[in-house]
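Read off the chains here:
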Amino acid sequence: MIKMKINGQERNWDGDPDLSLLWFLRDEIGLTGTKYGCGQALCGSCTVIVDKQAVRSCITSVSDVVDREITTIEGLHPTGDHAVQKAWRQVNVPQCGYCQAGQIMQAAALLTENPKPSHDQIREAMSGNICRCGCYQRIENAIHLASTGV
Amino acid sequence: MNIIANPARLRGIEARIRVEKISRRSVLKTLGIAGGLVLAAPVMSRQAFAAYQTGAGAMPHGTVVDPRVFVAIASDGTVTIVAHRSEMGTGVRTSLPLVVAEEMEADWSRVKVAQAHGDEAKYGNQDTDGSRSTRHYLIPMRQIGASARAMLEAAAAKRWGVPATEVRAVNHEVVHTASGRRLGFGELAADAAKEPVPDVGGLKLKDPKDFRYLGKGDISIVDLRDITVGAARYGSDTRLPGMKYAVIARPPVTGGKLKSFDSSEAMKVSGVEKVMEVQGWPWPSKFQPLGGVAVIARNTGAAIKGRDALKIVWDDGANGKYDSAAYRAELEEAARKPGLVVRKEGDVDAALKGADKVVIGEYYLPHLAHVSMETPVAVADVKDGKAEIWAPVQSPGGTREDVAKTLGIPEANVTVNVTLLGGGFGRKSKCDFAIEAALLSKAIGSPVKVQWTRDDDVRHDFLHTVSVERIEAGLDKSGKVIAWRHRSVAPTIASTFAANAVHAAPFELGMGLIDLPFEIANIQCENPEAAAHARIGWFRSVSNIPRAFAVQSMVGELAHATNRDQKDMLLDLIGSPRIVKLDSVKDPWNYGEPFDSYPIDTARLRRVVELVADKGGWGRSVPKGHGLGIAVHRSFVSYIATIVEVAIDDKGKLTVPQVDTAIDCGTFINPERIQSQIEGAAIMGLSLAKYGEISFKDGKVQQGNFDDFPVVRMDEAPLVTNVHIVPVDADTPPSGVGEPGVPPFAPALINAIFAATGKRIRALPIGKQLET
């Protein structure tokens, strides 16, 4: 039996320990905010935060996160008002929106590590997250806004 | 199966389908909202009555203009407005209901949007493609809102015993100015429902100067908050009690078939419950599934692991030799010989022969995959002769038809719930994935989700075609272009519907070939034959991508050949302000729109060039290694011009410091969403120009994920994209926005690269061509 803490709640799994965290979250416990995009850590749609670090849940197996604290988009902020989430809404970032949970989790992890990232630091930190609609300019603006209030 | 036997039956292609008059059911029942709603009554067909005509009436099932179908008012005043088009990122789920709210004087903060399921008899055409939603529905949605407003006003006037002319709706209530009396929409709802629906022709629409929402751009999309908190529901997020998870191994070659399979290892995988064959249809078969072997499991991860353990033998069939390198040579050969003439003015052969100089350009664009972030996915629950589907589909009505036909049940027994689409770009106009889910659910007797992996998506897409565009331009002694021959060779989308389709369909010819807007005395457009060996489909902007790439690159080449400024050359070729006539073209296609409302207007084309040149600083001095390029293209009846500034370092690494795009899309609803579409189009344009290539070897797609089919990431995105919208008066018919931003990007970039380096790129993607 594998135990982990997801959004503050104890969760157990007694199936295949190699099951990826992504499908455990989405299919086994119904946290569908975390998205599938590529299955190979190439696009970042499945990004969650494990102990403060952004992690690609599609290549992370459940056995990798035993006793770890996992935060998904649903648990980022109790009322959905994390500075990044608010900035995202203010800048009208999303088009289709599908990749945005992963983008937001990546941005939140970035700001935890580096509260005032530069232009280049933002572009580098976010370059693992693909947005096929092409919202990059607004993502960058929203991260600046979340970090500086401007 | 040969569906193209009657080409008029193709959905979303030529749209020549007669509007059917089908009786409709009550809004209460089909909206699926709890009671307390009014404006709900049996509905009759009503046609739009507009100042300008569009092609909306010619779409399958035409247009429905009826407030009782689209609007419901609860007694607490909550107004529910139906969104009948699919949301894939354009903002349409917000913008069309916003139009209704505007005209009916509803307060947007008290409006809820309800997504229509697939039911075209009730809602009118729902094909969300062709950049059509605003141009086909702006007026109908205004009429729906105005009808609802008139009914509310009539109800209030009756209540007060005053003439209806003395009352008016203002911000969610009706007021009688003389007496100061007022009643909220909720209080009037029940009475308003009893009022007759006013005649469309007699409706008075709001004066655009009184608009509160339209044209302003300060209303965010309705799903914004849900998206940021992980609560937005896409197709992949559907969960039903007892639902199983399936992935399918499909034939690796188009037209291939399953020979045999061994599931013994797959069945040993923890969580795998069943392995079974899925029915496939012989290619070409429109949007029917490819067939293969399904692995059904308790979660998607187990299904994928099970599929990896399958042993399958395929019969590759006739396309097993498809090889992109060899095929390119075939296309080039075809482009160098005369082909079917599809436009002819003057005598191009004589003019080329007599020209002082002939410039020839041959441009290659490979297949492209859509790779929307949400791969194809669908949930189906088929039981007791009924099917319910949850899927991210651009064509809910078509999905309903195709699922019904495949299962052999009446359409009335099929419900298609339209989720949000995690991107579409044309891929999700084809409902093969929904049919797969329906077939599997029927077979196993429980709800099932069919999830496509990224690999499935890339290898089994309905790809953008592959093309060679060859242009020969003849110049006289003064440097004036006197002859233009354009041969366009590419497998046609019609090949997905009919075997042996080797010429472009009218709708493909109309995308940047026969509609050339240049003022040249001798023009000839030709379309040599090309046979398809893969599934070809619509990709955002479709044939406009290779055509704009070729035509606008040639403008750059001609500017260089005559030592002229690119923009000056471009304006010279466009010529005088006029309406371009296509008299020599049989059946000219204008995006399904009448030329009267949507002519090819070179004054508007010139204006976007001049606007972007002005705002984008054309001719500004740029640092060494930088270059500016310009391109313009009319598509989806909109006019778009783009300037790209490129920077190439000494190793050949390309970056894009600035993009400027000017768009004339007629009158518009939400400039902020136009801006986002154009920003995104620059990214998609840059992606296809830098990296876009799907290639085949031994009939199989050589790419599978974002490692070998890369798209642009943030660290290589343009540093800034500026969008300049041409202001027009409210009477100018609206035109497309979702697609037309893409075509001019690649040629503007290629012209910029030439300006920066002197290197002329004629084959996309750029790949390593700039590396030194």
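Notes on the structure in this doc start here. Here the structure is a predicted model, which is why all the values come from computation and not from measurement.

### Considerations on the nonpolar core
M105 of chain A together with V71, L152, V608, F745 and L749 of chain B are the most contacted members of the largest nonpolar core, which has 224 residues in total. With residues near it in sequence (within four places) discarded, M105 of chain A still touches T47, V48, I49, A54, I73 and L76 of chain A. I248, A249, V418 and A437 of chain B belong to the second-largest nonpolar core, a separate cluster that totals 45 residues.

### Some thoughts on the packing of helix α2 (residues 83-90) of chain A against helix α5 (residues 136-148) of chain A
Residue and element names in this part refer to chain A. It is the contact of α2 with α5, at a shortest axis distance of 8 Å, that shows an interaxial angle of 130°. Viewed along their axes, α2 and α5 adopt a mutual orientation that is oblique. In the crossing of α2 with α5, the sense of the turn from one axis to the other is right-handed. Residues A83, V84, A87, W88 and Q90 of α2 pack against A142, L145 and A146 of α5. Residue composition of the contact of α2 with α5, by class: seven nonpolar, one polar and no charged.

### What about unusual backbone geometry?
A cis amide bond links W283 of chain B with the next residue in sequence, P284 of chain B, at an omega value of -5°. In this structure, P284 of chain B sits in the loop between β9 (272-278) and β10 (292-297). Between L764 of chain B and the following residue, P765 of chain B, the backbone shows a cis peptide bond with an omega angle of 0°. Turning to its location among the elements, P765 of chain B is positioned in the segment after α20 (745-757). One non-glycine residue, D51 of chain A, lies in the positive phi region at around 45°. The topology assignment puts D51 of chain A in the loop between β3 (47-50) and β4 (53-56).

### Points about the interface of chain A and chain B
With 48 residues of chain A in contact, the opposing surface of chain B contributes 50 residues. For the side of chain A that touches chain B, the secondary structure elements donating two or more residues are α1 (21-28), α2, α3 (100-113), α4 (119-125) and α5 of chain A. Element by element, the count of residues in the side of chain A that touches chain B is highest for α5 of chain A, at four residues. Looking at the side of chain A that touches chain B residue by residue, the class counts come to 20 nonpolar, 19 polar and nine charged.

### Regarding the pairing of β3 of chain A
Residue and element names in this part refer to chain A. Alignment of β3 against β4, held across four bridges, turns out to be antiparallel. Note on β4: the bridge partner recorded for V48 is V55. Where β3 folds back on β4, the antiparallel hairpin that results is connected by two residues, among which D51 adopts a positive phi of roughly 45°. Direction of pairing for β3 relative to strand β5 (residues 69-71): antiparallel, over a ladder of two bridges. Bridge pairing links V50 to I70 in β5.

### Brief notes about helix α18 (residues 602-615) of chain B
All names here are of chain B. For α18, which comprises 14 residues, the first-to-last C-alpha distance of 20 Å matches the rise-based estimate of 20 Å (1.5 Å per residue) to within 8%. The complete set of buried residues in α18 reads T602, R604, L605, R606, V608, V609, L611, V612 and A613. In the core, the buried residues of α18 are packed alongside α17 (566-574), β21 (626-635), β22 (638-648), β23 (654-664) and β26 (720-725). Following α18 by one or two positions, G617 adopts a phi angle in the positive range, close to 65°.

### Some words on the sheet that holds strand β2 (residues 79-83) of chain B
All names here are of chain B. What the three strands build is an open sheet, ordered β1-β2-β3; its pairing is mixed. Both edges of this open sheet fall to β1 (71-73) and β3 (111-115), since each of them pairs with a single strand only. The sheet shows a mean angle of 25° between the axes of neighbouring strands, direction not considered. Packed on one face of the sheet, helix α3 (residues 92-104) meets β1, β2 and β3 and runs near 135° to β2.

### Considerations on the pairing of strand β18 (residues 467-475) of chain B
Within β18 of chain B, seven of the nine residues are buried, which leaves it mostly tucked inside the rest of the structure. The antiparallel hairpin formed by β18 of chain B and strand β19 (residues 481-489) of chain B contains five residues in its connecting segment, where G479 of chain B sits at a positive phi of about 90°.

Here is what the cut-offs are and how they apply
- Residues numbered from 1 in each chain as written.
- Chains lettered and ligands numbered in written order.
- Predicted model: local features only at pLDDT ≥ 70, side-chain atom pairs only at ≥ 80, totals over all residues.
- Core = buried A, V, L, I, M, F, W, Y, C linked by C-beta atoms within 7 Å.
- Buried ≥ 20, exposed ≤ 12 C-beta atoms within 10 Å, placed from the backbone.
- Contact = placed C-beta atoms within 7 Å.
- Axes fitted to C-alpha atoms, helices over the stretch in contact; angles between N-to-C directions.
- Helix = DSSP H or I, 4+ residues; strand = E, 2+ residues; numbered from the N terminus.
- Parallel < 35°, antiparallel > 145°, perpendicular 65-115°, else oblique.
- Left-handed = near helix turned anticlockwise from the far one by under 90°.
- Nonpolar A, V, L, I, M, F, W, Y, C, P; charged D, E, K, R; others polar.
- Pairing = 2+ DSSP bridges.
- Expected span 1.5 Å × (residues − 1).

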